[in-house]
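Chains, contacts and geometry: an overview
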Amino acid sequence: MPSKAKPPESRPVTITAVIDPVAALASGALEGNLFLYDTNKAEGSAGFGGTDLRTRVRSGDRIIWNVVVLECETYAALDEIVIDEKVCTPERKVYPNTDIAYWTATVKRHVTEPVPYRLKFRLGTVTEPYAVSSPALVGQAGAGKEQR
């Protein structure tokens, strides 16, 4: 009797936004002051260290977004994630007994085309969020892995 292939197990994929809020506030922009990374390079993610991160995901993967601040004396937080809700629905959560927030979502379906999303950050005492729209979720590569 032929064995049935087991579907791949879902796994957490962490996306970390390293931000220099002092430089972003001084320049008025996130470009050059925001560095995105994820934990899925072995599966083919690309674009590390800038705002053009391409995170390789598959249906069922749990994504966790968090923020690391280079200047701890200046407030910075991920305020909102705007993405196609057919793909995933990000939810803000807080670590127990702290005020440290993170965002999480589960990929709802197979991704065939890149799914861009928008990250909105609160910096310092500025009321309008700083945003970047260049990261994306991408599906599994067909024959080879996407290179950047």
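Each remark here, short or long, concerns the structure printed above.
Residues numbered from 1 in each chain as written. Predicted model: local features only at pLDDT ≥ 70, side-chain atom pairs only at ≥ 80, totals over all residues. Heavy atoms only, no water.

**As for the packing of aromatic side chains**
- Applying the stated criterion to the full structure yields two aromatic pairs.
- Judged by centre distance (5.9 Å) and plane angle (75°), the rings of Trp-65 and Tyr-117 are edge-to-face. Pair noted here: Trp-65 is in strand 4 (residues 62–69) and Tyr-117 is in the loop between strand 8 (115–116) and strand 9 (118–123), with a separation of 52 residues, a long-range link. Of the two residues, Trp-65 and Tyr-117, both sit in the buried class.
- Ring centres of Tyr-95 and Tyr-102 lie 4.4 Å apart, and the angle between their planes is 35°; this geometry places the pair in the tilted category.
- Looking at Tyr-95, the relative accessible area reads 36%, which means it is partly exposed.
- You can call Tyr-102 buried: its relative accessible area is 13%.
- Over the aromatic face of Phe-48 sits the side chain of Lys-41, whose NZ or CZ is 5.5 Å from the ring centroid. (Phe/Tyr/Trp six-rings, centres within 6.5 Å; stacked < 30°, edge-to-face > 60°. Helix = DSSP H or I, 4+ residues; strand = E, 2+ residues; numbered from the N terminus. Buried < 20%, exposed > 50% of the residue type's maximum accessible area, 1.4 Å probe, protein only. Lys NZ or Arg CZ within 6 Å of the ring centre and 35° of its normal.)

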